[in-house]
Amino acid sequence: MASKEKVAETESSAPSRWTPDDYTRHYVIEAINMYDSEGLESTAAYYNSPESIDGQWYMYIADENEIMVSHANPELVGKNVNDIAGANGYPSGSVAYTVADEDGAWFDHTFPNLSTGALETKHSWVVRYDGMMFGSGWYEEGPGKTDSAAYTMAFVVQAINLYNALGLEAVREYYNSAASVDGQWYVFVVDENQTLLTHPDPSEVGKNINDVVGPNGYPAGSSVYAVADENGAWFDYTFPNPATGAAETKHSWMVLHDGVTFGSGWYEQGPSKTDAPAYTRSVVQQAINLYNAVGLDDTLAYYNTRESVDGQWYAFIIDAKTGVSIGHHNPAIRDRDPSMRVDATGYFYGDDLLSASESGSWSSYVIVNPGTGENQRKHTFAVLHDGYIFASGWYE
């Protein structure tokens with residue numbers, strides 16, 4: 001039990017509301033002091049009254065039996081803390097009760113602001129005192145869904161907060177529930193054994209992350225797992241959007257925390273095949289992204305398969321130093337003499353490919369379209385990256 005001397009340490013005057021963290025601590029300490037002098041019944045009665053509410057600050061107190069005995073929302077009084085949830089059913093009550101300790105602890109989560117009625121980011125300070133939890137907090141608007149990147153990062157942080165408070169099993173239980181899905185946002189979690197623990201599609205749960213693939217067998221799972229680090233990292237790829245059912249460009253934010261990988265992402269439609277140049281660029285970029293994530297060997301292992309071919313689009317990779325194609329779905333092209341890059345008109349297009357810049361460059365030549373078996377003009381976009389040329393193209 002925290003000592004009364006430690007908890008009661010407070011300044012004679014309240015801190016400014018412009019320093020909301022200090023003001024929150026002061027507000028909670030005042031409630032603990034009232035409990036010491038007047039007892040639980042009087043304290044709970046006061047903090048269940050409207051006069052105790054100070055703008056966005058209000059007290060919530062849970063007793064030793066995990067029952068909420070005071071709260072500004074009368075509907076929550078008398079509830080077990082484990083039955084108090086925030087946005088999308090997030091177990092805010094059980095997390096707050098668990099993280100509370102004698103020194104006080106901060107906990108960030110999304111919860112209704114009673115002053116505005118809006119769902120906002122709440123910064124709660126919770127203290128374990130005399131076997132009970134005393135807590136209060138302040139709000140800020142937080143990132144909106146219009147700022148997709150910031151919203152995604154906050155979504156992942158909330159998952160990590162849940163893990164820190166209640167452990168991995170609680171994370172599995174919540175993020176495998178339909179309630180946890182927030183439109184296009186959901187959290188996927190991978191353990192140290194590379195097993196996918198949470199996903200909105202139950203058929204994906206329990207898979208090895210390396211077996212989770214996107215359209216055309218693209219190794220999306222192994223890529224997002226590989227890029228994750230403690231500071232967080234982005235990875236862009238094509239993946240089905242469960243909210244629309246369509247394959248779209250997904251931007252995933254991946255964080256490695258305590259040996260567990262947490263991820264979430266947002267979608268955008270991305271270029272269509274009707275915009276052939278833009279779609280070609282996206283194919284090349286996805287090949288570069290894969291290389292950056294998993295390295296050359298695994299990238300070649302994918303692009304040397306027929307499965308990687310997307311209609312008339314396929315990525316091929318050239319060693320910029322030797323000019324030899326090392327990645328191509330057609331084995332006859334791989335390791336072939338670079339001098340054989342002559343098109344149907346006799347034009348040597350090899351120099352065009354090898355002159356690719358880091359910003360990318362286009363070239364045009366006439367070769368057989370494997371989809372039709374006829375000679376057609378191909379427009380190829382090639383990018384020099386890390387000593388290799390990544391390229392793809394489309395046919396007229």
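Residues numbered from 1 in each chain as written. Predicted model: local features only at pLDDT ≥ 70, side-chain atom pairs only at ≥ 80, totals over all residues. Heavy atoms only, no water.

This structure, assessed with the given rule, holds 6 salt bridges. Where Arg-17 meets Asp-54, a salt bridge forms, and the shortest distance between an N and an O atom there is 2.8 Å. Of this pair, Arg-17 sits in the loop between helix H1 (4-7) and helix H2 (20-38) while Asp-54 sits in the loop between helix H3 (40-47) and strand E1 (60-62), and the two are 37 residues apart along the sequence. The exposure class assigned to Asp-54 is buried, which follows from its relative accessible area of 19%. Across the pair Lys-207 and Glu-204 runs a salt bridge whose closest N-O atoms are separated by 3.2 Å. Among the residues examined, Lys-207 registers a relative accessible area of 29% and is labelled partly exposed. (Salt bridge = Lys/Arg side-chain N within 4 Å of Asp/Glu carboxyl O. Helix = DSSP H or I, 4+ residues; strand = E, 2+ residues; numbered from the N terminus. Buried < 20%, exposed > 50% of the residue type's maximum accessible area, 1.4 Å probe, protein only.)

Since the α-helix packs 3.6 residues into each turn, any two residues three or four apart lie on the same face. For helix H9 (residues 296-303), the full list of buried residues reads Thr-299, Leu-300, Tyr-302 and Tyr-303. Taken down its axis, H9 places every buried residue within 160° of arc, on the same side. (Arc of directions from axis to C-beta.)

The 5 strands are arranged E7-E6-E10-E9-E8 in an open sheet whose pairing can be described as antiparallel. Looking along the sheet, the strands with just one partner apiece sit at the ends: strand E7 (196-198) and strand E8 (233-240). Going from strand to strand, the sheet's axes swing by 35° on average, the running direction of each strand aside. For E8 and strand E9 (residues 247-257), the ladder comprises 8 bridges, and the chain directions are antiparallel. Opposite Tyr-237, over in E9, you have Lys-250 as the bridge partner. Relative to the sheet, helix H7 (residues 220-227) contacts strand E6 (188-190), E8, E9 and strand E10 (260-268), its axis offset from that of E8 by approximately 170°. (Pairing = 2+ DSSP bridges. Axes fitted to C-alpha atoms, helices over the stretch in contact; angles between N-to-C directions. Contact = heavy atoms within 4.5 Å.)

Moving on, we get to the pairing of strand E15 (residues 388-395). Within E15, 8 of the 8 residues are buried, which leaves it mostly tucked inside the rest of the structure. Burial along E15 is two-sided: Tyr-388, Phe-390, Ser-392 and Trp-394 facing one way and Ile-389, Ala-391, Gly-393 and Tyr-395 facing the other are all buried. Examined bridge by bridge, strand E11 (residues 316-319) and E15 share 4 bridges and lie antiparallel to one another. Each bridged residue has a counterpart across the sheet, and for Asp-319 the counterpart in E15 is Tyr-388. Inspection of the sheet shows strand E14 (residues 374-385) paired to E15 by 8 bridges, in the antiparallel sense. Residue Phe-381 lies in a different strand from E15, and its bridge partner there is Ser-392. In this antiparallel pair of consecutive strands, E14 and E15, the connection spans 2 residues, and Asp-386 shows a positive phi of 55°.

It is worth spelling out the pairing of strand E3 (residues 105-112) at this point. Burial along E3 is one-sided: the face carrying Ala-105, Phe-107, His-109 and Phe-111 is buried and the face carrying Trp-106, Asp-108, Thr-110 and Pro-112 is not. Here 8 bridges tie E3 to strand E4 (residues 119-129), and the two strands are oriented antiparallel to one another. Residue pairing in the sheet places Phe-107 in a bridge with Ser-124 of E4.

For the rest of this paragraph, the subject is the packing of helix H8 (residues 276-294) against H9. Where H8 contacts H9, the two axes come as close as 7 Å, and the packing angle between them is 140°. One element, H8, and the other, H9, form an angle in the oblique class. Note on element contacts: H9 touches H8 through Leu-296, Asp-298, Thr-299, Tyr-302 and Tyr-303, opposite Val-283, Gln-286, Ala-287, Leu-290, Tyr-291 and Val-294. The class makeup of the residues in the contact of H8 with H9 is 8 nonpolar, 2 polar and 1 charged. (Parallel < 35°, antiparallel > 145°, perpendicular 65-115°, else oblique. Nonpolar A, V, L, I, M, F, W, Y, C, P; charged D, E, K, R; others polar.)

Quick look at the confidence of the model for the protein chain now. When the pLDDT values of the protein chain are averaged, the result is 94; 97% of them are 70 or greater. pLDDT under 50 marks residues 1-12. Its contacts with residues more than four places away, or in other chains, come to 19 contacts. (pLDDT = per-residue confidence, 0-100.)

Met-68, Met-133, Leu-162, Val-171, Tyr-175, Val-189 and Phe-262 are the most contacted members of the largest nonpolar core, which has 38 residues in total. In terms of residue count, the dominant contributor to this core is helix H5 (residues 148-166) (8 residues). If you look at the next biggest cluster of nonpolar residues, it comprises 37 residues, including Val-190, Tyr-218, Tyr-267 and Ile-317. (Core = buried A, V, L, I, M, F, W, Y, C linked by side-chain atoms within 4.5 Å.)

Moving on, we come to the packing of aromatic side chains. What describes a pair of aromatic rings is the distance from one ring centre to the other and the angle between the planes of the rings. Evaluation of the coordinates by the stated rule reveals 25 aromatic pairs. Centre to centre, the rings of Tyr-27 and Tyr-47 are 6.2 Å apart; their planes meet at 75°, and the pair counts as edge-to-face. Of this pair, Tyr-27 sits in helix H2 while Tyr-47 sits in helix H3, and the two are 20 residues apart along the sequence. Both residues of the pair, Tyr-27 and Tyr-47, count as buried. Put simply, the rings of Tyr-27, Tyr-46 and Tyr-47 touch in pairs and so form one group of aromatic residues. Seen from the ring of Trp-125, Arg-25 lies directly overhead, with NZ or CZ sitting 5.8 Å from the centre. The ring of Tyr-97 is capped by Arg-128, whose NZ or CZ atom sits 4.2 Å from the centre of that ring. (Phe/Tyr/Trp six-rings, centres within 6.5 Å; stacked < 30°, edge-to-face > 60°. Lys NZ or Arg CZ within 6 Å of the ring centre and 35° of its normal.)

Note: strands within a sheet are paired through backbone hydrogen bonds, in either parallel or antiparallel orientation. Strand order in the open sheet formed by 5 strands is E2-E1-E5-E4-E3, and the pairing between neighbours is antiparallel. At either end of the open sheet lies a strand with only one pairing partner, and these are strand E2 (68-70) and E3. Each neighbouring strand pair of the sheet contributes to a mean axis angle of 35°, computed without reference to strand direction. Contacting E1, E3, E4 and strand E5 (132-140), helix H4 (residues 92-99) runs over the sheet at an angle of about 170° to E3.

A separate point is the environment of Lys-321. Locating Lys-321 in the fold gives a position in the loop between E11 and strand E12 (325-327). On the basis of relative accessibility, which here comes to 77%, the residue Lys-321 falls in the exposed class. On a C-alpha basis, the gap between Lys-321 and Gly-86 in space is 57 Å, while along the polypeptide they are 235 residues apart.

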